[in-house]
Amino acid sequence: VEAEVVLSEQLILNAGAWYATESGDDFTEFAGFVDLRWDLNKDFTIGTSLTYHDFDQSLLRDGIDTGLFATYYATDDLDFTIGAYHDFGNDAWYAKAEAGGSKPVGADSYVGLSGGVSWVDDFVGRSGMNDFYGRASYTYNVNSAVSLTPFVGWSVMFDGSDQNGDEFFGGLWFEVVF
């Protein structure tokens, strides 16, 4: 669930929440967030985020993440983001650099690909370059208000000694705009 409120021509507030679970495992996550973005011009955005995470059956601890980010929009379909964050629940810093793009494949659909790398500082016992992550998706707009997006994603650890190893996942987003 997400809502976007345009506060001014350049200032945008996003707020939302999600619930995630794994099949065949007891892991669950509930999170709620607020992002405040300032569009400097058509090519650059800076912002801040505040997210609360509540985990069950996880080595991660519940708590608040806060951070700063900047996005460069190279085209309407390609962007690059960097961000630095502090996770108060796990008392650790992390940063990420990522890129995302999309391409129409018809009048009512498009494919998307995003990926990035992360760095951590004493995050659940890890420090340094952390992982290469990403997601590939296909979105079909049923109409102007409803879309379906099947996706696959991954997180491949740079350090092969990680206790949880690499992760691969998939799912389906159902989106309604009103």
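Residues numbered from 1 in each chain as written. Predicted model: local features only at pLDDT ≥ 70, side-chain atom pairs only at ≥ 80, totals over all residues. Heavy atoms only, no water.

(A) Layout of the environment of Ala-3. Structurally, Ala-3 can be placed in strand 1 (residues 2-6). Taking relative accessible area as the criterion, Ala-3 reaches 43% and is therefore assigned partly exposed. Separated by 10 residues in sequence, Ala-3 and Leu-13 place their C-alpha atoms 8.3 Å apart. Beyond its immediate chain neighbours, meaning those up to four positions away, Ala-3 contacts Leu-13, Asn-14 and Ala-15. (Helix = DSSP H or I, 4+ residues; strand = E, 2+ residues; numbered from the N terminus. Buried < 20%, exposed > 50% of the residue type's maximum accessible area, 1.4 Å probe, protein only. Contact = heavy atoms within 4.5 Å.)

(B) Main features of the side chain of Thr-81. Within the secondary structure, Thr-81 is located in strand 6 (residues 78-87). Within the structure, Thr-81 has its side chain in polar contact with the side chain of Thr-71 (distance 2.9 Å). In contact with Thr-81, other than residues within four places in its own chain, are Phe-69, Ala-70, Thr-71, Lys-96, Ala-97 and Glu-98. (Polar contact = N/O pair within 3.5 Å; in protein donor to acceptor, adjacent residues only side chain to side chain.)

(C) Broad picture of the pattern of salt bridges. Applying the stated criterion to the full structure yields 2 salt bridges. In this structure, Arg-37 engages Glu-4 in a salt bridge whose closest nitrogen and oxygen atoms are separated by 3.7 Å. One end of the pair, Arg-37, is in strand 3 (residues 28-39); the other, Glu-4, is in strand 1, with 33 residues separating them in the sequence. The partner of Asp-43 in a salt bridge is Lys-42, with the nearest N and O atoms 3.2 Å apart. (Salt bridge = Lys/Arg side-chain N within 4 Å of Asp/Glu carboxyl O.)

(D) Structural view of the confidence of the model for the protein chain. When the pLDDT values of the protein chain are averaged, the result is 90; 94% of them are 70 or greater. Of all secondary-structure elements in the protein chain, the lowest mean pLDDT belongs to strand 11 (residues 167-176), at 88, while strand 6 reaches the highest, 97. (pLDDT = per-residue confidence, 0-100.)

(E) A look at the sheet that holds strand 7 (residues 92-106). Ordered by their spatial adjacency, 11 strands build an open sheet running 1-2-3-4-5-6-7-8-9-10-11, and the pairing between neighbours is antiparallel. What marks the edges here is a single partner per strand, and that holds for strand 1 and strand 11. Strand after strand, the sheet turns through a mean of 20° between neighbouring axes, direction not considered. By the bridge criterion, 10 bridges tie strand 10 (residues 146-157) to strand 11 in an arrangement that is antiparallel. By the bridge assignment for strand 11, Phe-151 is matched with Gly-171. (Pairing = 2+ DSSP bridges. Axes fitted to C-alpha atoms, helices over the stretch in contact; angles between N-to-C directions.)

(F) Geometry of the environment of Phe-55. Take Phe-55: it is sitting in strand 4 (residues 44-56). Judged by its relative accessible area of 14%, Phe-55 is buried. With 24 residues separating them along the chain, Phe-55 and Ala-31 place their C-alpha atoms 8.6 Å apart. Those residues within four positions of Phe-55 in sequence are excluded, and the remaining contacts are Phe-27, Thr-28, Glu-29, Leu-60, Arg-61 and Asp-62.

(G) Structural context of the pairing of strand 7. Pairing of strand 6 with strand 7, which is carried by 10 bridges, proceeds in the antiparallel orientation. Opposite Asp-79, over in strand 7, you have Gly-100 as the bridge partner. Two strands pair when backbone bridges link them, and strand 7 and strand 8 (residues 109-123) are joined in this way by 13 bridges, in the antiparallel orientation. Bridge pairing links Ala-99 to Gly-115 in strand 8.

(H) Local environment of a negative patch on the surface. A contiguous patch of negative charge, built from Asp-26, Asp-54, Asp-56 and Asp-62, is present on the exposed surface. Its location among the elements puts Asp-62 in the loop between strand 4 and strand 5 (63-75). (Patch = residues over 30% accessible without salt bridge, like charges linked within 9 Å, V, L, I, M, F, W, Y side chains within 5 Å. Areas by Shrake-Rupley, 256 points an atom, 1.4 Å probe, with all protein chains shown as cover. Lys, Arg positive; Asp, Glu negative; His and termini not counted. Charge placed at Lys NZ, Arg CZ, Asp CG, Glu CD.)

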